[in-house]
Amino acid sequence: MERGTGYTHHSTVQAQGFKDGEAKIKQAMARNALLVDPSLEVIRVADLGCSHGSNAIHAVDFVAREIIELRDLKLSSSSSSSLEIQAIFSDITANDFNTLFSLVPHLQGKPYFFSGVPGSFYLRLFPRSSIHFAMTTFALHSLSKIPEEITNKESPAWNKGTMYIDRSSPQAAIEAVVRQAKEDLQNFLQCRAQELVTGGLLVSKFLIRTTRDLEGPLHNGFQEAWKDLIQEGIISQESLDTFNFPVYFRSCHEVQDALDSVKEEFKVIHREVSKVQIPPRQPSDSMRAFKAISKPFIEQHVGDEKIVELMYSRSLSKELRSRDLFSMLLVLEKKEFIVI
Ligand SMILES: C[S@@+](CC[C@H](N)C(=O)[O-])C[C@H]1O[C@@H](n2cnc3c(N)ncnc32)[C@H](O)[C@@H]1O
């Protein structure tokens, strides 16, 4: 993710996506017993893959307000007023936490405390049974890593000539990425199963694929511009042959597989697939949004900042058809841990 305040301006799609899920999240929270447990004096809310824009501030604020409202409604005034909320922002270490914390409001008189935890959500981030509400929005499509074999020229899985897994990819490459995505989602769920307290909620909203077609909506002209620059001799064919963008949109079936692996740990409270509402915008807006997400990866791979800028500016004239994006909203509740 590009550093600085840019993410706030280029994340309206994610902001709208969270808003679209708010009513369902509210319903799930209203039915949850833990959040209104009068003996709870501190509730910990974690936003995983928070990035450094205002969406994270809005998301934790939405959850905290809901908790306070529910407790005001259901508990005596002494139990509801003694509550304190710890809001925890978490993302990979490269995230621009300085920009994020500069956006945190000074909520005088409000019982909120903010903190940050760096690290990958595919690993453990918090002590056992310490989190009451965890959420992750528009982040789970990122893979923890690119499977080595797909960049290995000697392997049948070498995914040359494309930066994504797509129709042109060898079957072995597709299988390697699907395996990685499955392992990642299972790890994510297993880590949260350990960190959430019994009755705690895990809310995830993430981009998915609703068809078998692997040519996903990220095919936005950037790769075509890259190929043009190769033709013109400005950049090498090797640069594209050895690059893979670490993103994969899982199918509903693949998500279900991962859920099956944690059915002892989580109860599914809500699951819904919906079209992501994309506000009307110029091609340059969507390319800027893509740039905010992809630039650090491209820059690290290509090395030359001038060429990288040229790749993005050339992409503008290549902007292809805009495709529908779909996301899944998943609300899980941590089951009681039973020793047999
Ligand atoms: C598109 S942004 C979404 C940010 C925010 N949740 C929103 O809805 O606007 C994706 C974020 O996920 C983070 N991310 C990607 N892989 C991650 C991982 N393995 N662990 C934690 N965060 C990750 C990225 O660094 C980035 O900040």
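Higher on the page you've got the structure.
Only a predicted model underlies this, so the values are computations on that prediction, with no experimental measurement involved.

J.: Quick question: what am I supposed to make of the site of the ligand here?
T.: By nearness alone, 21 residues border the ligand, and Gln14, Gly49, Ser51, Asn55 and Ala139 come closest of all. Looking at the shell around the ligand, its residues break down into 10 nonpolar, 10 polar and 1 charged.

J.: Hey, could you run me through the nonpolar core in this one?
T.: A general tendency of soluble globular proteins is for nonpolar side chains to be buried together. Among the nonpolar cores identified, the biggest contains 68 residues, and Val45, Val63, Phe133 and Ala134 are the most heavily contacted of them. Sequence-distant contacts of Val63, that is, excluding residues within four places in its chain, are made with Val45, Phe133 and Met135.

J.: Just to check I follow, could you spell out helix 2 (residues 12–30) for this structure?
T.: It helps to recall that an α-helix has 3.6 residues per turn; residues three or four apart then point in one direction. If you check helix 2, its first and last C-alpha atoms are 27 Å apart, about what 19 residues at 1.5 Å a residue would give, namely 27 Å. Along helix 2, the largest kink reaches about 45° and is centred on Glu22. All of the buried residues in helix 2 are Gln14, Gly17, Phe18, Gly21, Ile25 and Met29.

J.: Please explain the pairing of strand 1 (residues 42–48) as it appears in this structure.
T.: Every other side chain in a regular strand lies on the same face of the sheet, so the side chains alternate between the two faces. Within strand 1, 6 of the 7 residues are buried, leaving the element largely enclosed by the surrounding structure. Sheet topology places strand 1 next to strand 4 (residues 131–137); 3 bridges connect them, and they run parallel. Bridging from a neighbouring strand, Val45 pairs with Phe133 of strand 4.

J.: Sorry, what's going on with helix 6 (residues 171–195) here?
T.: The end-to-end C-alpha distance of helix 6 is 36 Å, a good match for the 36 Å that 25 residues give at a rise of 1.5 Å each. All buried positions along helix 6 are accounted for by Ala173, Ala176, Val177, Ala181, Asp184, Leu185, Phe188, Arg192 and Glu195. Taken together, the buried residues of helix 6 touch strand 4, strand 5 (196–209), strand 6 (250–251) and helix 9 (252–260).

J.: Help me out: how do you make sense of the pairing of strand 2 (residues 84–91) in this one?
T.: Across the 8 residues that make up strand 2, a large majority, 6, are buried. As paired elements, strand 1 and strand 2 share 7 bridges and run parallel to each other. Its bridge partner lying in strand 2, Ile43 is registered against Ile85.

J.: Quick question: what am I supposed to make of the packing of helix 7 (residues 222–231) against helix 11 (residues 305–316) here?
T.: Helix packing geometry: the angle between the two helix axes and the distance between the axes. Where helix 7 meets helix 11, the closest approach of the two axes is 8 Å, and the angle between their N-to-C directions is 115°. In this structure, the crossing between helix 7 and helix 11 has a hand that is right-handed. Residue-level inspection shows Phe222, Ala225, Trp226, Asp228 and Leu229 of helix 7 in contact with helix 11, the latter providing Leu310, Met311, Arg314 and Ser315.

J.: Looking at this model, I keep getting lost on unusual backbone geometry. Mind explaining?
T.: Most of the time, phi is negative for any residue but glycine, and the peptide bond is trans. Positive phi values are uncommon outside glycine, yet Ser129 reaches one of about 45°. Following the sequence through the fold, Ser129 ends up in the loop between strand 3 (112–118) and strand 4. Take Ser129: there are 14 C-beta atoms within 10 Å of it, and that puts it in the partly exposed class. Although it is not a glycine, Phe138 sits at a positive phi angle of roughly 55°. Within the element layout of this structure, Phe138 appears in the loop between strand 4 and helix 6. Exposure remark for Phe138: the 22 C-beta atoms within 10 Å place this residue in the buried category.

Analysis parameters
- Residues numbered from 1 in each chain as written.
- Predicted model: local features only at pLDDT ≥ 70, side-chain atom pairs only at ≥ 80, totals over all residues.
- Near = placed C-beta within 6 Å.
- Nonpolar A, V, L, I, M, F, W, Y, C, P; charged D, E, K, R; others polar.
- Core = buried A, V, L, I, M, F, W, Y, C linked by C-beta atoms within 7 Å.
- Buried ≥ 20, exposed ≤ 12 C-beta atoms within 10 Å, placed from the backbone.
- Contact = placed C-beta atoms within 7 Å.
- Helix = DSSP H or I, 4+ residues; strand = E, 2+ residues; numbered from the N terminus.
- Expected span 1.5 Å × (residues − 1).
- Bend = angle between axes of the 7 residues up to and from the residue.
- Pairing = 2+ DSSP bridges.
- Axes fitted to C-alpha atoms, helices over the stretch in contact; angles between N-to-C directions.
- Left-handed = near helix turned anticlockwise from the far one by under 90°.

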